[in-house]
Amino acid sequence: MGRRGKKKGRPVSGWVVLDKPVGMGSTEAVSKIKWLFQAEKAGHAGTLDPLASGMLPIALGEATKTVPYVQDGAKIYRFTVAWGDERSTDDLEGPVTKSSDLRPAEAEVRALLPKYTGVIMQTPPQFSAVKIAGERAYDLAREGETVNIPAREIEIGRLDVVEHSADHTVFEVECGKGTYVRSLARDMGRDLGCFGHVSDLRRVEVEPFTPRDFVTIAELEAARFGAQGEDKSGSDDGGDVLDAPIDFDAIDALLVDTSAALDCLPQIAISDDAATKIRLGNPVIIRGRDAPVEAEEACATARGKLVAIGAIEQGMFKPKRVFAG
């Protein structure tokens, strides 16, 4: 008897700006969202550690093509540094490796902030996803190896003290791609001579999304299964999509449009005829008094719907990445 093939899911597209709870891994979150929407494909724009909470943008369908633009966006974190202990993972997960009875005064902490603002060099944590000779640093660290991870350039837009007490300081940081908040805690603790680690971490924003876009697992489940939040569609282990018809209108209404990820690009409005040509891979002449003549990347839309990302050269839009209508 032949094995019944798995159904692919729905061709639904858009962004889920998930308020990820503590304890859930990023991969687990993507699987959960993909199952709730019964989507064909899904991916996230920037890992968030299981011990961290907050914004995890998850792309469905055609939105996966816009993930790099969100990954490159600025991020805002609010985090607490516990002074006195350095840990192997630079957060609560790992054992204590160094300790001190010293505790910094608020003035000492504030005096340190300029050193960690602007373009700086930062060494990622031993337990990080950085690849060393083809292997993830965290895999090597779990095997007991101490790896030499080279420092790299990152950008900190701002670093503020939100609250200070004897043993803890709460910070808010706006930073660029590749920044490790755990490394900030480790390095500030060393500079202050008291050691430190992250005891609480929440990602507040990932450009272009804001907290207004947040949606929780509970809200998604309520929309998917009704007010009782009852699962009537089978297990959530990524199994087959059942044949019973389901109304997805309520949960789909919680999606952020795919085009929101491309607010950073020039927006070009085109006609339906031009959209048809572009979707076939053909360049079109850009008309309109305000249309740019040259642009390395631009976003073409028709009737408010995303058509393509492309380059504008000598007044012509040349598609690079086309989106389904």
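All of the points below concern the structure found in this document. (Residues numbered from 1 in each chain as written. Predicted model: local features only at pLDDT ≥ 70, side-chain atom pairs only at ≥ 80, totals over all residues. Heavy atoms only, no water.)

**Comments concerning the overall build of the protein chain**
The condition is simple: A run of DSSP states H or I qualifies as a helix once it reaches four residues; a run of E qualifies as a strand once it reaches two. Both are numbered from the N-terminal end. Exposed residues in this analysis have more than 50% of their type's maximum accessible area, buried residues have under 20%, and partly exposed residues fall in between, with area computed by a 1.4 Å probe over protein chains only. In what follows, a contact means two residues having at least one pair of non-hydrogen atoms within 4.5 Å. To be clear on the numbers: accessible area is Shrake-Rupley with a 1.4 Å probe, and residue cover counts the displayed protein chains and nothing else. We treat Lys and Arg as the positive residues and Asp and Glu as the negative residues; His and chain ends play no part in the count. For the purpose of locating charges, the reference atoms are NZ of Lys, CZ of Arg, CG of Asp and CD of Glu.
In terms of helices and strands, the protein chain carries 8 helices and 17 strands. Along the first, second and third principal axes, the C-alpha atoms of the protein chain reach 70 × 60 × 40 Å. Taking all 325 residues of the protein chain together, the buried fraction comes to 46%. Intrachain contacts of the protein chain at a sequence separation of at least 6 include 71% that bridge at least 24 residues. Carbon and sulfur atoms make up 49% of the accessible area of the protein chain, which totals about 16,700 Å². Within the protein chain, the 51 negative side-chain charges are centred at a point lying 6 Å from the centre of the 41 positive side-chain charges.

**Focus on the nonpolar core**
Where we set the bar: Definition of nonpolar core: a set of buried residues of the types Ala, Val, Leu, Ile, Met, Phe, Trp, Tyr and Cys, connected through side-chain atoms within 4.5 Å.
By size, the foremost hydrophobic cluster in this structure holds 48 residues, and its most contacted members are Val-16, Ile-33, Phe-37, Phe-79 and Phe-171. Contacts of Phe-171, omitting those with residues within four sequence positions, involve Tyr-77, Arg-78, Phe-79, Val-81, Trp-83, Val-109, Leu-113, Leu-159, Asp-160, Val-161, Val-162 and Met-188. Among the nonpolar cores identified, the runner-up in size contains 15 residues, and Ala-274, Ile-286, Ala-300 and Phe-317 belong to it.

**Some thoughts on the layout of surface pockets**
In plain terms, the rule: The method works on a 1 Å grid over the protein atoms by themselves. A cavity is a set of points holding a 1.4 Å probe that cannot get out, a pocket is an open set with protein on both sides within 12 Å along at least five of seven lines, and residues with an atom within 4 Å of a point line them. Grid points are joined across faces, edges and corners, and a volume is the space filled by probe spheres set on the points. Each residue is assigned to one class: nonpolar for Ala, Val, Leu, Ile, Met, Phe, Trp, Tyr, Cys and Pro, charged for Asp, Glu, Lys and Arg, and polar for all the others, Gly among them.
One number sums up the size of the largest pocket: a volume of about 1,000 Å³. In this structure, the largest pocket is lined by 36 residues; those nearest its centre are Thr-47, Asp-49, Ala-129, Tyr-180 and Arg-182. Contributions of two or more residues to the lining of the largest pocket are made by helix H1 (26-37), strand E4 (75-83), helix H4 (137-142), helix H5 (181-192) and strand E12 (196-206). Taken together, the residues of the lining of the largest pocket sort by class into 13 nonpolar, 12 polar and 11 charged.

None of this, on its own, says anything about what the molecule does.
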